[in-house]
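Summary of structural features
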Number of protein chains: 2
Amino acid sequence: MNYRFSARLGSFSSSAVREILKLTQGDSVISFAGGLPAEEHFPVTAISEAFERSMRLGKKALQYGLTEGYLPLRESLGRRMARKGMNVTPDDMLITTGSQQVIDLLSRIYIDPGDVILVERPTYLSALQVFRSYGAVPVSVNGDKDGIDLADLEAKLKQYRPKMLYVIPTFSNPTGRVWSEERRRGALKLCREADTLILEDDPYGELRFGDGSRTYPSIFSLDEHPQGSCVVYTSTFSKTVAPGLRTGWALGDPEVIRQMARAKQAADLQSSSLDQQTLHQLLEHFDLDGHIELVRKEYEGRMRRMADLLRQYNWPGVSWEEPEGGMFFWVELPEEADTAELLKTAVELGVAFVPGVTFFADNPKRNAMRMNFSYNDASVTEIGMERLNRALAGVLV
Amino acid sequence: MNYRFSARLGSFSSSAVREILKLTQGDSVISFAGGLPAEEHFPVTAISEAFERSMRLGKKALQYGLTEGYLPLRESLGRRMARKGMNVTPDDMLITTGSQQVIDLLSRIYIDPGDVILVERPTYLSALQVFRSYGAVPVSVNGDKDGIDLADLEAKLKQYRPKMLYVIPTFSNPTGRVWSEERRRGALKLCREADTLILEDDPYGELRFGDGSRTYPSIFSLDEHPQGSCVVYTSTFSKTVAPGLRTGWALGDPEVIRQMARAKQAADLQSSSLDQQTLHQLLEHFDLDGHIELVRKEYEGRMRRMADLLRQYNWPGVSWEEPEGGMFFWVELPEEADTAELLKTAVELGVAFVPGVTFFADNPKRNAMRMNFSYNDASVTEIGMERLNRALAGVLV
């Protein structure tokens, strides 16, 4: 049998993170690679109770349901979104198998081969993978610690007339940075003028450190929607409840949502009824905000421990910023370093991270790395950092 | 905002079944439309126990897992497949969000725009939808009560050099028919010679009526795999356990499976960990075969009740066959009838079915309808058939 794979095949380069995750599963490598939440803080008892409640509601929980998602979940999620300034009805909402599926479905209905999609520099690698699989050309826009560079965005909107801008404005993956409100408003205005749809990816927005006095309005909430929303917003329960429930959602114009739902019918008919009903019961009967507060504090502690270690090791020529939320440090080594090479040594010494090179649409930096601080507790992080220190010894002078 | 949807959009015609499902949810329409299993036979207690077992195994159940699927589930599923003559390792297997996702992922890695895919006449409508969304041209092959017409298949393999043949050889959707072993072997031989991959969709294979003396080997099990398997086999727990767990699987050559897993990374990272681990516990600790035996008997009873009613009403010029398994009757009205028109009247009178027209890749029959017998119990079926009788009164002379 000679297989005749599609031309599209070449675009599915396997995600480096997932491949590393595979290598490090169940052995002695300490991983700062994956964007994994801390298992010890999964609300297992609450999830079990929520599951039992949905089972008690009857056998419908196990039947086929609507492609758009379980209506009571969309309703309770709508109330939750309203508290964050996003006023939506169930018709503005699609429940998905994680927010990864939102990126996929929106690409599926919106992208033609050759279309340009603007992205941040650097950005989420699996989004790049999706865009490329539909034949799109991702082009990166510069940014700084306050977010996307509006002048560069304006120039590239003009130059490429892109269909979409994909951004993670709050505690970015991989940089951990957060956009100022001015940049959010600025990008929205420019994109509306250019008829460029914004895909706002917000998996980490609730993982905010500090006293909670600073808030970051979503771009979706800033959009006044004259003649249709300019933003599709997506988030997930993966970081606030647990990834294993694989439930994300999209908010957007009902016409866009309706088209995404049609694409979802073809893709998988619907997401797990059981997960959706369990999450609905959880939203109704569990203090999720209290739980998130606990997770935030824990992650802030883990972030501070890693920051302390970064300061103590004080590797020459290495720079990083302390994130205000999320799950990641973005660490830049001296220009001549190559973190993909470093990773090989590191894994031999029993520690993993993600080389920065994979996060760029174009002109990749080879000297950066993404380090997750949420997954490991302080004692494991200390051992991992000590191993990384040894791996770096051969690289830094 | 002017939305600039992709050219692909037109191909996502919403599935007629799903739209009807929406109309009939929660109101008084009796639906013979969906391919829904009987809720009263979902093994709720066993599922709850399996869920509790997986929760007791620890918090890993709620963490991110492998794209390929939860390894213990692939192992236990492998043992189950081996009992059906399909000898596979976990590397020959991908766990998906229902078998619908197998159709999607295989299309994604295998189909280029303009490729021909051969399908049965008639065939599963949502498969047609997926193929078209990737720009493929489905072409139908004739068949009869013993399965696909080998002469027509041979001619069309020669004429189109198609990349794929998509079939449901056991208790077909929508016809309920089952292929003879001769047709299975014949189609396999022809497709291997033509380098045409067979996608064997087997959601209903376990729902076999009668005393179990007749068995139907899967095409996959007949393939001796010289130089790579010629068949990708897919099945699901949706009809034997419950659809809400949204878990299907693909078996195939490890190279094909590996490419599908890469496409799945982009599509949704992985399917629900919770569903997969619950199903694994179910396979290990529950008598699934005993449960399936119970479901089979119940469905056979429901099928016979509907068959009795079809015989009693004895509508003039209407033909149908009694299926040996599965979930559907395929009913043909006289040539001049249009079942899409009939459906409007039927829904007004409180009963729904799926018009046959949607199940054809080309030259659709307008006078056929698919009627599900698994979902409703005998008393509801009787009322539904009485309503259908009234709807037909205006159509049949």
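Because the structure is predicted, anything quoted here is derived from the model rather than measured.

**Some words on the pairing of strand β2 (residues 93-96) of chain B**
Residues and elements named next belong to chain B. Residues of β2 alternate between two faces, with M93 and I95 on one and L94 and T96 on the opposite face, all of them buried. Where β2 lies against strand β10 (residues 248-251), four bridges are found, and the strand directions are antiparallel. Considered in β10, the bridge of M93 is made with L251.

**Some details on the domain arrangement of chain A**
Residues and elements named next belong to chain A. Along its sequence, chain A is carved into domain 1 (7-43 + 290-393) and domain 2 (63-285). Using only C-alpha atoms to locate each centre, domain 1 and domain 2 end up separated by 24 Å. Taken residue by residue, the interface counts 38 residues in domain 1 and 37 residues in domain 2. Each partner contributes to the roughly 3,100 Å² buried at the junction of domain 1 and domain 2, and carbon and sulfur atoms together form 57% of this total. Of all residues in domain 1, the largest losses of buried area upon contact with domain 2 belong to R296, E324 and F359, amounting jointly to 21% of the total for that side. Scanning the region where domain 1 abuts domain 2 turns up three salt bridges. The partner of R121 in a salt bridge is D362, with the nearest N and O atoms 3.8 Å apart. Across the contact surface, domain 1 and domain 2 share 14 residue pairs in polar contact (both at pLDDT 80 or more). At the level of secondary structure, the elements contributing two or more residues to the side of domain 1 that touches domain 2 comprise α1 (16-24), α11 (288-313) and β12 (328-332). Here the side of domain 1 that touches domain 2 takes seven residues from α11, the largest share from any one element.

**Notes on the interface of chain B and chain A**
Each side of the interface is counted separately: chain B has 92 residues, and chain A has 92 residues. Approximately 8,200 Å² of surface area, both sides summed, lies buried where chain B meets chain A, with 53% of it carried by carbon and sulfur atoms. In this structure, the connection of chain B to chain A is made through four salt bridges. Notably, a salt bridge pairs B:R108 with A:D104, separated by 2.5 Å at the nearest N-O pair. Joining chain B to chain A, the criterion identifies 58 residue pairs in polar contact (both at pLDDT 80 or more). Going through the elements one at a time, α1 (16-24), α2 (44-56), α4 (98-110), α5 (125-133), α9 (254-268) and α10 (273-285) of chain B are the ones with two or more residues in the side of chain B that touches chain A. Classifying every residue of the side of chain B that touches chain A gives 38 nonpolar, 29 polar and 25 charged.

**Re the relation of the copies chain B and chain A**
The two copies are related by a screw operation: chain B maps onto chain A through 180° of rotation and 0.0 Å of translation along the axis, at an RMSD of 0.0 Å. Here the transformation between the copies is reduced to the relation of a two-fold axis. Residue B:S272 of chain B places its C-alpha closer to the rotation axis than any other residue of that unit, at 3.6 Å. Mapped onto chain A, 100% of the interface residues of chain B are again interface residues, and the two copies thus contact each other with one and the same surface.

**Some remarks on the packing of helix α4 (residues 98-110) of chain A against α9(B)**
How two helices pack is summed up by the angle between their axes together with the distance between the axes. It is at 5 Å that the axes of α4(A) and α9(B) come closest, and there the two elements cross at 95°. Taken together, the axes of α4(A) and α9(B) are roughly perpendicular relative to one another. From α4(A), A:Q100, A:Q101 and A:D104 reach across to α9(B), where they touch B:Q265, B:A266, B:A267 and B:D268. Looking at the contact of α4(A) with α9(B) residue by residue, the class counts come to two nonpolar, three polar and two charged.

**What about unusual backbone geometry?**
Here the amide bond leading from A:N173 into A:P174 is cis, since omega sits at 15°, within 30 degrees of zero. Relative to the helices and strands, A:P174 resides in the loop between β7 (164-167) and α7 (181-193). Put simply, B:R121 and B:P122 share a cis peptide bond, and its omega is 0°. The topology assignment puts B:P122 in the loop between β3 (116-120) and α5. Of note in this structure, B:N314 is not a glycine but carries a positive phi near 45°. One can find B:N314 in the loop between α11 (288-313) and β11 (319-320).

**Here's the deal with the environment of A:N142**
All names here are of chain A. For N142, the position within the fold is in the loop between β4 (137-141) and β5 (143-144). Along the backbone, N142 and L36 are 106 residues apart, and their C-alpha atoms lie at a distance of 27 Å. With residues up to four places along the chain from it excluded, the contact list for N142 reads R121, I148, D149 and D152.

The rules behind each value
- Residues numbered from 1 in each chain as written.
- Chains lettered and ligands numbered in written order.
- Predicted model: local features only at pLDDT ≥ 70, side-chain atom pairs only at ≥ 80, totals over all residues.
- Heavy atoms only, no water.
- Buried < 20%, exposed > 50% of the residue type's maximum accessible area, 1.4 Å probe, protein only.
- Helix = DSSP H or I, 4+ residues; strand = E, 2+ residues; numbered from the N terminus.
- Pairing = 2+ DSSP bridges.
- Domains from an automatic or database assignment.
- Contact = heavy atoms within 4.5 Å.
- Buried area = accessible area lost by both parts, 1.4 Å probe.
- Salt bridge = Lys/Arg side-chain N within 4 Å of Asp/Glu carboxyl O.
- Polar contact = N/O pair within 3.5 Å; in protein donor to acceptor, adjacent residues only side chain to side chain.
- Nonpolar A, V, L, I, M, F, W, Y, C, P; charged D, E, K, R; others polar.
- Least-squares fit on C-alpha atoms with pLDDT ≥ 70 in both.
- Axes fitted to C-alpha atoms, helices over the stretch in contact; angles between N-to-C directions.
- Parallel < 35°, antiparallel > 145°, perpendicular 65-115°, else oblique.

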